[in-house]
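# Reading the structure
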Amino acid sequence: MPKRVIYPALICYGLSLLGAALAVQDQRTVLLSPASTATSDVDPPHKPFARQLVGFAINLHHTDTLDAHRHAIDELKALGFNSVLVITPAFQTNGASVTVRLETGPGRGPSRQQLVALLGYARDRGMQTVLMPVVLFTAPRGNEWRGKIKPQRWDDWWQSYREVVDYFVGIANEAGVQIFCVGSELLTTERQTGRWVSLIAHVRRRFQGQLIYSTNWDHYHVPGFWPQLDAIAMNAYWNLVTETDPARPDPAALAERWRQIREQLLAFAAEQGRPVLLTEVGYPSLPWALQKPWNYVAPSDTAADAAAQAMGYAAFLEAWGDLIRPPTHAHAIQPVAPTHPAGVFFYEWDVYANGPEHDTRYGVQGKPALDLLRQWLRDTAPRPGAGRW
């Protein structure tokens, strides 16, 4: 998710009660049993990606019905995308809290059954599925967000977080998820390599699919536990504007900026022996989308700027087009080479959007960005010129 800001609706996220036999009760906190803390001294073998993942992220929080989310899966499948990343949260009160908890009910999060149902629906439609839990604060202090977690007792926080991860791993197994994300943007934890190695080894014993951790675009060089994972995953909200007049950016300069980023990422991934997976690439429909793509918070009188969003998408497709191909392209259905990215998830397919005219958020429905993506997905034949469409 974008740095420091989250949808107001997502603040009310939560997760369901443990076990299908438990009835959903409004605003009830789920209590979990302690998890094993055993570690492994042997690095697991890398699990290569059989094909590139090209899809969208979808947020799932409490809902009375999954109809809109199922419809979103159908839309993405019809467009030609081959995968979906489902983002769903756990909670802690603020950065000093030692407990990560799960909550359910109106204003909270989806039930376990809803998560399993949506992920299973995507799987049955032939989509690759990724489950990415995130931690949200219910009462942040100032501009706190999950990247600034600093609990009073780290031991207690890690034990609590492991129990929450166990809950989500159980859902991933039940729903036949292919890729599980062990954490997202927990920046203050990323230097605690031993803790992460222990947690990842624990998850490896329970989950047979691929494992990732999603860091920030400005932090991917920090984690020391990439060898335990199957990809270098990150949310990609770089500033693309380098010239002096960001109000009139040059499309060629935007694409060149993305090429520079790509070169740096691929070099780092080669050093780590893992492919790059971009878990979020997106732009809000706001005037500053290309300069601060992580920031969608705007005054109520700010006019939507879908053109700025489209310029960001155009620059990305231009810069990455020779390596990330539409799923229908022959290149995209081959096993992923070590020097190629594992794929991209665009952020986001907004099931709550009420129309494009005044929508300043990340959704692309009804906007020029979707036209670009639609054309890209239709364009299955290679053309001369790297990255040209």
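In what follows, the accompanying structure is described. (Residues numbered from 1 in each chain as written. Predicted model: local features only at pLDDT ≥ 70, side-chain atom pairs only at ≥ 80, totals over all residues. Heavy atoms only, no water.)

Once that is clear, we can look at the pairing of strand β6 (residues 179-184). Burial of β6 is extensive: six of the six residues sit out of reach of the surface. Here two bridges tie strand β5 (residues 128-137) to β6, and the two strands are oriented parallel to one another. Bridge assignment links Val130 to a residue of β6, and that residue is Ile179. Handedness of the β5-helix α4 (residues 154-175)-β6 crossover: right-handed. As paired elements, β6 and strand β7 (residues 210-216) share four bridges and run parallel to each other. Bridging from a neighbouring strand, Cys181 pairs with Ile212 of β7. (Buried < 20%, exposed > 50% of the residue type's maximum accessible area, 1.4 Å probe, protein only. Helix = DSSP H or I, 4+ residues; strand = E, 2+ residues; numbered from the N terminus. Pairing = 2+ DSSP bridges. Right-handed = clockwise from strand over helix to strand, strands pointing away.)

This brings us to the packing of aromatic side chains. Taken as a whole and assessed by the stated rule, the structure comprises 29 aromatic pairs. Each ring, one from Phe225 and one from Trp226, has its centre 6.1 Å from the other, and the planes form 40 degrees; the classification is tilted. On the accessibility criterion, Phe225 (0% relative accessible area) is buried. One aromatic cluster is present, built from ring pairs that chain together Phe56, Phe81, Trp238, Trp258, Tyr283, Tyr313, Phe316, Trp320, Phe346, Trp349 and Trp376. (Phe/Tyr/Trp six-rings, centres within 6.5 Å; stacked < 30°, edge-to-face > 60°.)

Topologically, Thr339 is positioned in the loop between α7 (306-320) and β10 (343-346). On the basis of relative accessibility, which here comes to 57%, the residue Thr339 falls in the exposed class. Counting along the chain gives 70 residues from Thr339 to Ala269, while the straight-line C-alpha distance between them is 8.0 Å.

With that settled, consider the pairing of β5. Counting buried positions over the 10 residues of β5 gives nine, a clear majority of the element. In terms of strand pairing, strand β3 (residues 83-92) meets β5 through 10 bridges, oriented parallel. Its bridge partner being in β5, Ala90 is matched across the sheet by Val135.

Core analysis: the biggest nonpolar cluster contains 115 residues, and Phe180, Trp258 and Phe346 have the highest contact counts within it. The biggest single contributor to this core is α4, with 11 residues. (Core = buried A, V, L, I, M, F, W, Y, C linked by side-chain atoms within 4.5 Å.)

Mapped onto the secondary structure, Asp74 falls in helix α2 (residues 67-79). For Asp74, a relative accessible area of 24% puts it in the partly exposed group. Here the alpha-carbon distance between Asp74 and Ala122, two residues 48 residues apart in the chain, equals 8.3 Å. Contact partners of Asp74, with chain neighbours within four places excluded, come to Tyr121 and Arg125. (Contact = heavy atoms within 4.5 Å.)

Let us now look at the pattern of salt bridges. Within this structure, the stated rule accounts for 18 salt bridges. We note a salt bridge from Asp124 to Arg123, for which the minimum N-O separation is 3.1 Å. For Asp371, the salt bridge goes to Arg374, with nearest N and O atoms at 3.2 Å. With a gap of three residues between them, Asp371 and Arg374 both fall in helix α8 (residues 368-378), about one helical turn apart. (Salt bridge = Lys/Arg side-chain N within 4 Å of Asp/Glu carboxyl O.)

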